[in-house]
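Analysis of the macromolecular model
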Amino acid sequence: MPPPADIVKVAIEWPGAFPKLMEIDQKKPLSSIIKEVCDGWSLANHDQFALQHADSSNFYITEKNRNEIKNGAILRLTTSPAQNAQQLHERIQSSSMDAKLEALKDLANYSRDVTFAQEFINLDGISLLTQMVESGTDLSAHFGDMLSFTLTAFVELMDHGIVSWDTFSVAFIKKIASYVNKFASDISILQRSLAILESMVLNSHDLYQKVAQEITIGQLIPHLQGTDQEIQTYTIAVINALFLKAPDDKRQDSLVVLLPLPLTEMANILAQKQLRSIILTHVIRAQRAINNEMAHQLYVLQVLTFNLLEDRMMTEMDPQDQAQRDIIFELRRIAFDAESEPNNSSGSIEKRKSMYTRDYKKLGFINHVNPAMDFTQTPPGMLALDNMLYFAKHHQDAYIRIVLENSSREDKHECPFGRSSIELTKMLCDILKVGELPSETCNDFHPMFFTHDRSFEEFFCICIQLLNKTWKEMRATSEDFNKVMQVVKEQIMRALTTKPSSLDQFKSKLQNLSYTEILKIRQSERMNQEDFQSRPILELKEKIQPEILELIKQQRLNRLVEGTCFRKLNSRRRQDKFWYCRLSPNHKVLHYGDLEESPQGEVPHDSLQDKLPVADIKAVVTGKDCPHMKEKGALKQNKEVLELAFSILYDSSGQLNFIAPDKHEYCVWTDGLNALLGKDMLSDLTRNDLDTLLSMEIKLRLLDLENIQIPDAPPPIPKEPSNYDFVYDCN
């Protein structure tokens with residue numbers, strides 16, 4: 001008799017018959033189980049049948065995924081994937097429009113299953129769908145439903161990564177591109193057409209060239225002006241894909257293909273006030289919340305826009321290039337407006353050189369004789385000089401005030417404008433990660449960078465004025481330069497975390513982050529993190545730490561009881577497939593199941609079809625140790641995704657794989673699962689929570705001791721007295 005762990009009790013349905021209750025031995029071949037089920041209903045040709053989940057997923061059960069069957073599951077006996085694929089292949093070619101529509105609808109549904117998809121693709125099903133799209137027969141002349149289901153089936157089949165995108169013709173691309181305009185009012189067709197274009201660009205270099213010829217920014221802009229956020233998301237995704245995957249012959253490193261060619265053309269497209277203002281007005285400032293996928297696409301667009309600066313950032317200045325030297329001359333002219341330059345008389349050349357050297361020193365360059373040498377380091381290269389010239393021309397009064405103000409100070413107290421601008425530009429490039437590929441999972445976009453055509457330059461102008469103000473507040477000297485830069489970076493980072501909606505609001509945030517305020521914040525944080533290191537306080541910490549850990553444990557378990565919606569990911573990041581997992585209130589069972597769409601609140605336990613007893617969990621693994629991260633090509637082992645991956649291992653080979661929506665949820669779930677297994681909670685979130693709560697609890701307990709110094713060590717124990725005659729005798 002097989003062990004209980006290998007037996008699964010299920011119900012199996014068959015149309016027109018009562019459901020059959022039976023026990024499945026997971027050690028027996030799946031074919032013999034199907035034969036046993038068919039014999040029970042006297043069905044011949046058992047090899048033409050298969051088992052399928054009876055829920056809305058309709059996924060086939062195979063030898064590979066059979067371990068996912070749970071006790072109490074409801075299965076359905078149905079035609080095999082090969083038979084089903086053959087029937088649908090014939091039905092979608094029916095001469096009856098009604099029959100063809102139903103067949104395409106079924107195909108779109110079944111294509112989500114990789115087992116069926118493989119069988120349908122083996123019948124050259126992808127070619128059949130593309131021919132139907134290219135010919136346009138029986139599609140464009142009828143309602144959009146038929147075309148919508150055709151494109152849906154195509155997207156689902158291609159998402160499995162079985163067929164290469166390089167196999168598609170120009171005619172097919174032209175047809176899909178035409179749907180972007182032709183069916184602008186049909187959300188379903190438009191969404192799928194944009195998704196196909198994005199996938200073509202992301203997955204094939206050759207198709208990028210063809211798609212770029214067929215679709216223009218002008219054709220995409222109207223879709224950004226609509227009210228459907230999903231269509232706007234897909235539209236920005238196509239723009240990002242064109243931008244991200246365009247080749248750059250200038251780059252020698254083939255692993256970092258980021259900026260497109262022609263570079264000036266893409267720069268002009270992204271710098272168009274029309275595109276930027278439309279995104280700002282109709283997406284960022286629209287009267288609705290921005291969902292995670294839209295936030296990600298805006299973040300990607302922000303990164304790619306700033307990466308246009310990389311070329312200048314990595315370009316050294318040529319001291320022999322007169323055009324570049326003229327920029328430095330212009331900086332000097334604007335600052336000092338030399339009206340009484342000496343004439344070219346005898347000795348005037350030497351006087352002019354001396355005057356230039358003096359002025360370059362006032363401008364704060366390191367090399368007073370030849371300031372061009374200050375811009376030979378990359379980064380920031382020529383980008384720093386570009387920023388300085390922009391500041392001098394567009395904020396002339398502020399520029400002149402800073403230069404003249406510092407030139408009138410004592411040498412050791414002057415804030416060197418040239419050196420400061422170069423180091424500040426380098427710092428801003430580091431903060432905004434100029435030149436780095438966008439993260440697969442990050443949603444960290446800043447609305448203020450979409451409010452100005454020259455947002456980086458304006459960002460610099462605000463920060464260089466902040467630097468000069470902080471320098472004065474710190475009463476800094478040249479020896480304090482690095483300290484000032486550290487404070488300025490902290491001011492900028494703290495202001496950015498508040499996500500100001502405009503550059504003016506960012507500037508206002510900085511006004512409230514003076515050097516004095518930064519000192520207060522630092523002091524407060526030190527009190528939380530570094531103080532209370534005396535022996536009595538450490539002993540108190542040790543005493544109350546178990547209570548705090550138990551509190552954190554309960555919070556984690558409560559969050560697991562609330563549950564989390566997880567997104568299903570594959571080679572294409574954006575997927576409209578979700579599943580939900582939550583812990584039962586008694587902490588004994590994990591309930592989970594697939595969802596059609598992202599839920600607005602908690603999902604009830606009874607609506608989640610699958611269960612996993614906590615007692616069956618053997619281990620929790622993370623990162624590269626996860627089974628779904630070891631699969632060939634799984635998410636291309638992306639670093640950000642690896643950091644969010646964890647798996648539950650149960651039974652002999654059962655597994656439940658997760659990719660957390662963000663780092664916070666990852667910490668909550670790994671902590672909670674470890675707590676359920678009686679293991680330590682080791683996440684960064686737990687360490688931070690523990691430090692915060694310990695600090696708060698200690699401060700509360702020490703309130704009565706305010707202004708009383710706590711000794712580092714207990715007082716010494718006095719020697720025993722020579723006698724105890726002083727003890728009071730009650731008798």
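The text that follows walks through the structure, step by step, so that each part is easy to find. (Residues numbered from 1 in each chain as written. Predicted model: local features only at pLDDT ≥ 70, side-chain atom pairs only at ≥ 80, totals over all residues. Heavy atoms only, no water.)

1. Considering the packing of helix α18 (residues 382–394) against helix α21 (residues 455–474)
Condition: In this analysis, axes come from line fits to C-alpha atoms, helices being fitted only over the stretch in contact, and the angle between any two N-to-C directions falls in the range 0 to 180 degrees. Helical segments are the DSSP runs of H or I of at least four residues, strand segments are the runs of E of at least two, and each set is numbered from the N terminus. In these notes the angle categories are as follows: under 35 degrees is roughly parallel, over 145 is roughly antiparallel, 65 to 115 is roughly perpendicular, and the rest is oblique. Between two residues, a contact is recorded if the distance between any of their heavy atoms is within 4.5 Å. Asp, Glu, Lys and Arg are counted as charged, while Ala, Val, Leu, Ile, Met, Phe, Trp, Tyr, Cys and Pro are counted as nonpolar; the rest, among them Gly, fall into the polar class.
Where α18 contacts α21, the two axes come as close as 9 Å, and the packing angle between them is 75°. With respect to α21, the axis of α18 lies roughly perpendicular. Only F456, E457, E458, F460, C461, I464 and Q465 of α21 make contact with α18, whose side of the interface consists of L383, N387, M388, Y390 and F391. Grouping the amino acids of the contact of α18 with α21 by side-chain chemistry returns eight nonpolar, two polar and two charged.

2. Focus: helix α20 (residues 417–431)
Worth spelling out the cut-off: The span one expects for a helix is its residue count, reduced by one, times 1.5 Å. Residue exposure (1.4 Å probe, protein chains only): buried if accessible area is under 20% of the type maximum, exposed if over 50%, otherwise partly exposed.
Taking 1.5 Å per residue, 15 residues should reach 21 Å; α20 reaches 20 Å between its end C-alpha atoms and fits that length. Along α20, 11 of the 15 residues are buried, which leaves the element largely enclosed by surrounding structure. Burial in α20 covers these residues: F417, G418, S420, S421, I422, L424, T425, M427, L428, C429 and I431. Where α20 is buried, its residues meet α15 (310–313), α18, α19 (396–407), α21 and α22 (481–496). Of the residues trailing α20, K433 is marked for its positive phi of about 55°.

3. Considering the pairing of strand β4 (residues 74–79)
Quick note on the threshold: DSSP bridges decide pairing: two strands pair if at least two such bridges lie between them.
As defined by bridge partners, strand β1 (residues 7–13) adjoins β4 across three bridges and the pair is classed as parallel. Looking at β4, one finds that I12 is bridged to L75. The pairing of strand β3 (residues 49–53) with β4 spans five bridges and is classified as antiparallel. Within β4, the position partnered with H53 by the bridge is L75.

4. Observations regarding the sheet that holds strand β2 (residues 20–25)
Reading across from one edge, β2-β1-β4-β3 is the order of the four strands in this open sheet, with mixed pairing throughout. The sheet is open, and its two edges are formed by β2 and β3, each paired on a single side. Sheet twist, expressed as the mean angle between neighbouring strand axes with direction ignored, is 45°. Its contacts with the sheet place helix α1 (residues 30–40) against β1, β2, β3 and β4, and it is angled at close to 160° to β2.

Honestly, it's all geometry; don't read function into it.
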